[in-house]
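Chain by chain, the residues:
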Amino acid sequence: MEVDFLSGAFLSALLAIVLIDLVLAGDNALIIGLVARNLPKDTQRKVILWGTFGAIAVRAVMAILVVYILNLPGFMLAGGLALVWIARKLLTPDPERDASHAAAAPAATFAGAVRTVVIADAVMGIDNVLGIGGAAHGSVLLIVLGLVISVPIIVWGSHLVIRLVDRFPSVILLGGAVLAWTAYTMIVREPLLVAWFEAHAAAKPLIAILVFSISLAPWYTERLSETSKPLVALLPGMLAWMLAVEMAGSYFQVQIDYLLTSETGGYAFEAIRWLGWLPLAALYLWLRERIVLGARRAARG
């Protein structure tokens, strides 16, 4: 694109980039604000500024390398799994705070906060880079303008998030949900798995529930009764079992839908899928009970 600041093409592309930043830079502001919220006020400002600087630097590099990065086998899958880890870290309760405050402490130091922000943005910034790159139509100037425009959005948004979390701690859950959704979309868009997901349509909702269950587990673990806490492990464990059986059936080329199969192997796989996880669940519950009882005896003695 030729650089003509008054041309309709340039102005329309710039408007598209502004809209993309407003939509996609918001999640980065949300993450920076949540990561920095438990630090002292003066440190918060530094984290926001350096976190934003790191985010923009990462995006600048990604804007150049994104085509090559996306072609790396397993990159989208690895990025999705990284976001699940970051979401869990974001929602892990701070033991030094009152539990009723429901706050989480993903980072207690300046360096730790900036590191978490840069890692999260490196993964979550892919959509932003792709959006800006597409809207810029190859114009380096528009790409640079897009990156510059996102700076005030992220800085202002991060301060707003910190104020919102202080008043409404449940906003933390929103940040975890944003990360979980981004992680899910990256996993199902992994080129190595696209064909498999097309052949197994039921796997996508299972992956979605599995990702959200694991990502948000620290949040609802703190709010479940003691008798309900095993569900935190049982639900994702059961879903992982279902996916494992689905993948095994695909590998051995066995039809595991009992309504469609006509072979003994298919019925066996179907029975394993629905009943095989029960002994594992019982073993987990028994071991958990033994561990809990042992911990109580040790505390009393």
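Everything numeric in this text was worked out from a predicted model, so none of it was measured.

1. A closer look at the confidence of the model for the protein
Inference 1: Across the protein, the average pLDDT comes to 75, with 75% of residues at 70 or higher.
Inference 2: Low pLDDT, under 50, characterises residues 96–106; the predicted model gives this stretch 30 contacts beyond four residues in sequence or across chains.

2. A closer look at the packing of helix 3 (residues 75–91) against helix 8 (residues 203–221)
Inference 1: Helix 8 packs onto helix 3 with a crossing angle of 20 degrees between their chain directions and a minimal axis gap of 6 Å. Judged on the interaxial angle alone, helix 8 and helix 3 are roughly parallel. As for how helix 3 packs across helix 8, the hand of that crossing is right-handed. The segment helix 3 lies against helix 8, with Val84, Ala87, Arg88 and Leu91 engaging Val211, Ile214, Ser215, Leu216, Ala217, Pro218 and Trp219.

3. Brief notes about the nonpolar core
Inference 1: The biggest cluster of nonpolar side chains holds 48 residues, and the ones touching the most others in it are Leu34, Leu83, Leu179, Ile207 and Val211.
Inference 2: Examining the composition of this core, we find that nine residues originate from one element, helix 6 (residues 171–188), more than from any other.

4. Topic: the layout of surface pockets
Inference 1: Taken as a whole, the largest pocket encloses approximately 260 Å³ of empty space.
Inference 2: Lining the largest pocket we find 13 residues, and of these Leu77, Ile187, Ile207, Leu210 and Leu243 sit closest to its centre.
Inference 3: Listing elements by their share of the lining of the largest pocket, those giving two or more residues are helix 3, helix 7 (191–199), helix 8 and helix 9 (231–251).
Inference 4: With four residues, helix 8 is the largest single contributor of residues to the lining of the largest pocket.
Inference 5: Per-class residue counts for the lining of the largest pocket are 13 nonpolar, no polar and no charged.

The rules behind each value
- Per-chain numbering applies: the sequence of each chain, read as written, is numbered from 1 onward.
- Only residues with pLDDT of at least 70 are given local features in this predicted model, and only at 80 or more are side-chain atom pairs given and counted; all residues enter the totals for whole chains, interfaces and linings.
- In computing side-chain properties, one takes all heavy atoms of the structure into account and sets aside hydrogens as well as water.
- Every residue carries a pLDDT, the predictor's confidence in it, which falls somewhere between 0 and 100.
- Working rule for contacts: check all heavy atoms of both residues, and any pair within 4.5 Å makes them a contact.
- Geometry is summarised by axes, namely lines fitted to C-alpha atoms with helices restricted to the contacting stretch, and by angles between N-to-C directions that run from 0 to 180 degrees.
- Helical segments are the DSSP runs of H or I of at least four residues, strand segments are the runs of E of at least two, and each set is numbered from the N terminus.
- Roughly parallel refers to an angle under 35 degrees, roughly antiparallel to one over 145, roughly perpendicular to one between 65 and 115, and oblique to any angle outside these ranges.
- Should the near helix be turned anticlockwise from the far one by less than a right angle, the crossing is left-handed, and should it be turned clockwise, the crossing is right-handed.
- In these notes, a set of buried Ala, Val, Leu, Ile, Met, Phe, Trp, Tyr and Cys residues joined through side-chain atoms within 4.5 Å is what counts as a nonpolar core.
- In this scheme, a residue with accessible area under 20% of its type's maximum is buried, one over 50% is exposed, and one in between is partly exposed, where area comes from a 1.4 Å probe on protein chains only.
- Every definition here rests on a 1 Å grid over the protein atoms only: cavities are sets of points where a 1.4 Å probe fits but cannot get out, pockets are open sets enclosed by protein on both sides within 12 Å along at least five of seven lines, and lining residues have some atom within 4 Å of a point.
- Grid points are joined across faces, edges and corners, and a volume is the space filled by probe spheres set on the points.
- Residues are sorted three ways: Asp, Glu, Lys and Arg are charged, Ala, Val, Leu, Ile, Met, Phe, Trp, Tyr, Cys and Pro are nonpolar, and all the rest, Gly among them, are polar.

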